[in-house]
Amino acid sequence: MSFTSHYLACAGREIHYTDWGPADGPVVIAWHGLARTGRDMDALAAFLSPRYRVICPDTIGRGLSQWSPEPDREYCLDFYVQLATALVDQLGLGRFHWVGTSMGGAIGTVAAATTLRGRIERLVLNDNGPSLAAPAIARIRAYAGNPQAFDTVTELEQYFRQVYRPYGWLSDAQWRLLTETSLRRLPDGRVTPHYDPAMVRQFVNRPDDYERWTEWDSLSLPVLCLRGEDSDLLLVETAEAMRVRGPCAAVATIPGCGHAPALNVPAQLELVRRFIEGG
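Residues numbered from 1 in each chain as written. Predicted model: local features only at pLDDT ≥ 70, side-chain atom pairs only at ≥ 80, totals over all residues. Heavy atoms only, no water.

The name that an unreviewed UniProt entry assigns to the protein is Alpha/beta hydrolase, with the source organism given as Roseateles subflavus.

(A) Examining the sheet that holds strand E3 (residues 27-31) more closely. Across the sheet, which stays open at both edges, the eight strands sit in the order E1-E2-E4-E3-E5-E6-E9-E10 with mixed pairing between neighbours. In the strand order of this sheet, the two ends are held by strand E1 (3-10) and strand E10 (250-254), each with one partner. Taking the axes of each pair of neighbouring strands and ignoring which way they run, one obtains an average angle of 20° across the sheet. Sheet analysis places strand E5 (residues 96-101) next to strand E6 (residues 120-126), joined by five bridges and oriented parallel. Paired with tryptophan 98 across the two strands is leucine 123, which belongs to E6. Packing against the sheet, helix H4 (residues 103-113) makes contact with E3, E5 and E6, and its axis sits at approximately 140° to E5. Contacting E6, strand E9 (223-228) and E10, helix H10 (residues 236-244) crosses the sheet at an angle of about 165° to E9. (Pairing = 2+ DSSP bridges. Helix = DSSP H or I, 4+ residues; strand = E, 2+ residues; numbered from the N terminus. Axes fitted to C-alpha atoms, helices over the stretch in contact; angles between N-to-C directions. Contact = heavy atoms within 4.5 Å.)

(B) Region of interest: the side chain of serine 65. Mapped onto the secondary structure, serine 65 falls in the loop between strand E4 (53-57) and helix H2 (71-74). For serine 65, the side chain forms a polar contact with the main-chain nitrogen of histidine 16, separated by 2.9 Å. Not counting residues within four places of it along the chain, the set of residues in contact with serine 65 comprises Glu14, Ile15, His16, Asp58, Thr59 and Ile60. (Polar contact = N/O pair within 3.5 Å; in protein donor to acceptor, adjacent residues only side chain to side chain.)

And the structure:
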């Protein structure tokens, strides 16, 4: 794997991203999920990087990006879209594809309907849609809002293996990479997931932030939705509605996964590649 690491001031906040592939290649923005980091996209970026330039940001409050000093105002989809728009503008990107897991898909949907309309050529939503199941949101909020801390990295990895079991199959090396790229050490020496727990205030301040049928229905670009077969977040009926409303997405069911497929095995990676290449 080969990438470079960068930081940019976007909407007044420092945002970290990794940059993969040829500088002059067609661009893919790969955006991670709620409590994760851009390094979750390593496997996808490595797979696409022989041809594509792949940009993998850390959302504000996650990974190596700045934590928000105004969490009640900034931890929300509208501000994340501001950050994304500032990022691609500073990078001088005209048109590009977007692959987003969970929250990253929602950011792409809202951006494609607003500030980045006409610039996102193809949109891949990894287990995300314009309406999400409330019980699953409550489940995610419960663990994300109270991140556990452990004495050792090994214990944190075991925790991740349990919490993220719905991601599907990951090799031992991939579990280790997921752990090492998404931990931080606390002042007492323990390790914990690398994000600001205040980011879950999004669900307090904006309980309907992920209800986005208005934006969905305004879209006309090609969309691929990857739905984890056992997902409790993106329900079957929502995915079916996505087939016939708005951009009329292509929907692919990913076996052996819940929320959300890890985008780390050949079958999943090929689905993404074929779609962004127009297949």
